[in-house]
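Chain by chain, the residues:
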Amino acid sequence: MNRDQTVLIDRLRGIAPPTGGSKGVIACQCELGREKLLTAPPYKLVKSPAVDENKSQTAPITRELDEYKCPVSHILVNFRAPLHPNEVFNKVFPATTPVKFVKRKLAKLLSVSNSNLLLTKNRNVLKDTSLLSDLKPDPLGNLNVDVFTKNSDDFSLSAIPKESYVHELLHAIIPKKKAMPFIAIKFKVRNQGSTFTRSYQSTMKIHEIKKNLGELFKIEPDNIVFLRGENPLKDRMTLMDLDYDKYGIAELELLTKNHEKLDLEKLYKEMPFNDVLSIVVPFGGTLKQINVEIFSSPIKKPFLGGYRNVNTGVIYHHAYTQTPQKPEKLPPEKKNCRDTQTAEEKEKIYDTNYSRATQMNCVHAYIPNVTDRIIVPKHYETYDEMIARLNHAHYASIIQRTFRHYQFRQKVAKWLKECMERIARMKEEERLEREAMERRLRRDLITKTFPKTREDFDQLYAMVDRWKHAEIARISQLHSKGPKIAEFTLLLDKEVELLRCIEDYRVKVKEDSRKLRDQRFLEEISKPVAWYGRSGKLITMETIEVQKARKLKELYNSFIREDMDVKERMELMVDMKFALQEFRHYLAEEIITLLDQECDLLVRRCNAHQLEFLRRRIAGSIFRLIQTSELNSGVTKSKDMRDYRKMQNCRLYFCELCHQVKPYTDFPLDTRINDFLICKSCSWKDVNERLWIDMTPYRFILRAVQRDERRRKCWGSLAFVLQEKDIFFIVEKLWHSHSAISECNDITELRLSRWNVKEDWSPWNCFLITVQEMKAHLKLEAPDEVYDEELVQKVNTIQKLAKANFAQLMAVNKRYTETGEWQGVRAPADVRADGVEPI
């Protein structure tokens, strides 16, 4: 590297002194970073006193501060992603740049849509017309901005490439290497001390090579780390950026994060064997590419005997050879030997161990005749006479008849037992269904009488709406005009009264839930710190903050008591007033003012009913004081940090109505939506834009489908992904709330069954029928051959509509099914959290 290149690199790093600067211009010494040094204007002279040219100038750091002024004409914007706290991207913009141009530049670098990008500061969304100078940067010209996406697209700030002018300077000073189509990488495994070589295309990236080695060695790609020296390689780096030699060979170190050993035998077992190899050979001053052809001519293995498996058809040989043998003069198939076909005969004389008697009388042996029998020949009996005498056919028929009778009795007993079990099982199923229906009706009656959640109040509003339409239909049948108008007027009054009663009860329930939530908050901050020691015992510790929180809890509970007399309450308010006078905060001053008002009213002998709203306001102000970390001596600081971390780690979305960034759990779920736009609170409050729908029967249908899929062990079914709104759309919009067979419109009797029993349940594989029809339908293997053509055509049409409406879900299901990732994504329905949110 020559001197000019060294000077250029020093200038790029920002360490070389300025050469040949103009008069009145001094080099910038602010800590704006390397990029701002290259783009920010220099310090300008504010006042120009007479300077002696012969007098030597001092360094800019040692001069007076008021002599030179640093204009903040450029702002260094630090982009941060709360979803990835470790990733930060810095870029310098002019101070007069609008936010919309900043968004446009950042969207181009991140390769995302400009309308999908969202910039916030202190959880406030930045307007597109705002200037960077209006966002109050710090004195050094730095500005921190958080980056979000509306539809939660994944992005990486660390993956943004460097600026173009930096690449141009680097390519100007670094000599260019000869491009290679293929690069051979020599991997050195640090943990095992072994080496292996693989060849890849020069355009491949590091994360693709990690994926290839992960599939080869059966490990996770994220567990592999490539080192060049002691620096890890980035995943977006290509092989052509490596320091390879003139033959296209590069050396890297391979390291696994969990020190997992690699099985190199799998590598050499799966090495490809080509018939033609391309070799690069140095030829003089150039490189020459030579093609080498490989001829493979293995020997024919001689058969030296063996056997064949009759079940599998595999032939096993008794012997094998690895090297070719000398050819024999006579091949084995032409050899004939008599020794292998003739048995050898030998004669040998044996003598018994002891003497044995014979059946002939002699002097030396005596054989008694006590056990002898005299056999007299009888009449000769032919075979036919013997068969007639034994009569085997008669006795065989008796045995067969008796055995068939025994088998028949066994079958009758078995049939009777199965019939009785089936009748008992049917009675048990009817009893369970009846009890389930009674429990369902009892639960519905309880929720209608004592509603607590938004779904319960939706059910009440739906009941009022159904009653109103029924009354309108009844009144419309009247012929005279006067009574009809009077009936409509009475109907309107009744409807208003019902809605008013429901709304009053809803406000009361909301107030009760708020009180419970406040009590849970006080219990949480006053709970002692607990952990398990080495011996497994539970250890609790009450810190100073916990003790202060317990005192605040007792103070709040004593203030909201209603059984105190006037004297005790006056003493309590005076003590609280003196305790709050040491705080210089608007909330404390407001509470002191309210306490003075209540004291004045108590002196004037106002009763508790007249002071109800004032005491409620004071209690709310005291609770806000307890929640404020500045006034409670850091009691709720740890809880605020936990809430912030929880908000930081979850996915956030922007609500278009309330203009707040909220987690995804605060938005309604629907498989047909493409983005989260309106949160649950805004969608429930906007009564004019939605209808009152009772989701209880549709929720029951969804749970019945999920119960059937769990019974079939189909954990990858789409029934565990759909929500109540999807079931309402399928039943109401596609099947029109009627059974496809009997046209039954009773929603409590309808069920969504599988159309093809052998396939998983899905919106395009369902069939709306009654319970009894479903029991008969699930026994059919080919429903297309059983039902008539008109019904089959109707079902096929509705299934096509379902595929069109659930196209997004269908694409996701196809992708996860082909990749086999359903088991890692899906969880059983019984462990899912309840989606009902209290008011």
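Data block above holds the structure.
Residues numbered from 1 in each chain as written. Predicted model: local features only at pLDDT ≥ 70, side-chain atom pairs only at ≥ 80, totals over all residues. Heavy atoms only, no water.

Colleague: An account of the nonpolar core is requested, with residue identities and associated values reported.
Modeller: Ranked by internal contacts, the top residues of the largest apolar core, which has 33 residues, are Ile727, Ile730, Trp735, Leu752, Trp761 and Phe767. At the level of elements, α17 (696-711), α18 (724-734), β22 (750-754), β23 (766-770) and α21 (789-805) are the ones that each hand at least two residues to this core. Per-element tally for this core: the top contributor is α18, with 6 residues. Excluding its chain neighbours within four sequence positions, the residues that come into contact with Trp761 are Val705, Glu709, Ser717, Leu718, Ala719, Leu722, Ile727, Leu752, Ser753, Arg754 and Cys766. The next biggest cluster of nonpolar side chains, apart from the first, holds 28 residues, and it includes Leu522, Leu552, Phe559 and Leu611. (Core = buried A, V, L, I, M, F, W, Y, C linked by side-chain atoms within 4.5 Å. Buried < 20%, exposed > 50% of the residue type's maximum accessible area, 1.4 Å probe, protein only. Helix = DSSP H or I, 4+ residues; strand = E, 2+ residues; numbered from the N terminus. Contact = heavy atoms within 4.5 Å.)

Colleague: Tell me about the pattern of salt bridges, and please be specific about residues and values.
Modeller: Within the structure shown, the criterion is met by 33 salt bridges. Residue Glu487 pairs with Arg474 through a salt bridge whose shortest N-O separation is 3.8 Å. One end of the pair, Glu487, is in helix α10 (residues 481-525); the other, Arg474, is in helix α9 (residues 454-476), with 13 residues separating them in the sequence. Residue classification places Glu487 among the partly exposed positions, given a relative accessible area of 27%. Salt bridges sharing partners connect three or more residues here, namely Arg190, Glu230 and Glu253. (Salt bridge = Lys/Arg side-chain N within 4 Å of Asp/Glu carboxyl O.)

Colleague: Give me the lowdown on a positive patch on the surface, citing residues and values where you can.
Modeller: Together, Arg439, Arg442, Arg443, Arg703 and Arg707 make up a positively charged patch on the protein surface. Take Arg703: it is sitting in helix α17. On the basis of relative accessible area, Arg703 is assigned to the partly exposed category, the value being 47%. (Patch = residues over 30% accessible without salt bridge, like charges linked within 9 Å, V, L, I, M, F, W, Y side chains within 5 Å. Areas by Shrake-Rupley, 256 points an atom, 1.4 Å probe, with all protein chains shown as cover. Lys, Arg positive; Asp, Glu negative; His and termini not counted. Charge placed at Lys NZ, Arg CZ, Asp CG, Glu CD.)

Colleague: Tell me about the sheet that holds strand β5 (residues 84-94), and please be specific about residues and values.
Modeller: Strand order in this open sheet of 5 strands is β5-β4-β8-β6-β7, and the pairing throughout is mixed. Strands with a single pairing partner mark the edges of an open sheet, and in this sheet they are β5 and β7 (124-125). Sheet topology note: the strand β6 (residues 117-121)/β7 ladder contains 2 bridges and is antiparallel. Within β7, the residue paired with Thr120 across the bridge is Val125. The strands that helix α3 (residues 99-110) touches are β4 (74-81), β5, β6 and β8 (142-149); relative to β6, the one it contacts most, it runs at about 125 degrees. (Pairing = 2+ DSSP bridges. Axes fitted to C-alpha atoms, helices over the stretch in contact; angles between N-to-C directions.)

Colleague: Can you break down the pairing of strand β10 (residues 194-201) residue by residue, with the values?
Modeller: A one-sided burial pattern is seen for β10, the buried positions being Ser194, Phe196, Arg198 and Tyr200 and the unburied ones Thr195, Thr197, Ser199 and Gln201. With 8 bridges joining them, strand β9 (residues 182-189) and β10 adopt antiparallel strand pairing. Along β10, the bridge assignment pairs Lys186 with Thr197.

Colleague: Can you tell me about a nonpolar patch on the surface, naming the residues and giving the values?
Modeller: Residues Tyr247, Ile249, Val280 and Leu287 make up a contiguous nonpolar surface patch of roughly 310 Å² in combined accessible area. Turning to its location among the elements, Ile249 is positioned in strand β13 (residues 249-256). Of the residues examined, Ile249 reaches a relative accessible area of 40% and is grouped as partly exposed.

Colleague: Could you give an account of the packing of aromatic side chains, naming the residues involved and the relevant values?
Modeller: Aromatic ring pairs are described here by two measures, namely the spacing of the ring centres and the angle between the planes. All chains considered together, the criterion is met by 15 aromatic pairs. Ring centres of Trp755 and Phe767 lie 5.0 Å apart, and the angle between their planes is 75 degrees; this geometry places the pair in the edge-to-face category. Taken as a pair, Trp755 in the loop between β22 and β23 and Phe767 in strand β23 lie far apart in primary sequence, 12 residues in all. Ring pairing ties together the aromatic residues Phe187, Phe196, Phe217 and Phe226, which thus form one cluster. (Phe/Tyr/Trp six-rings, centres within 6.5 Å; stacked < 30°, edge-to-face > 60°.)

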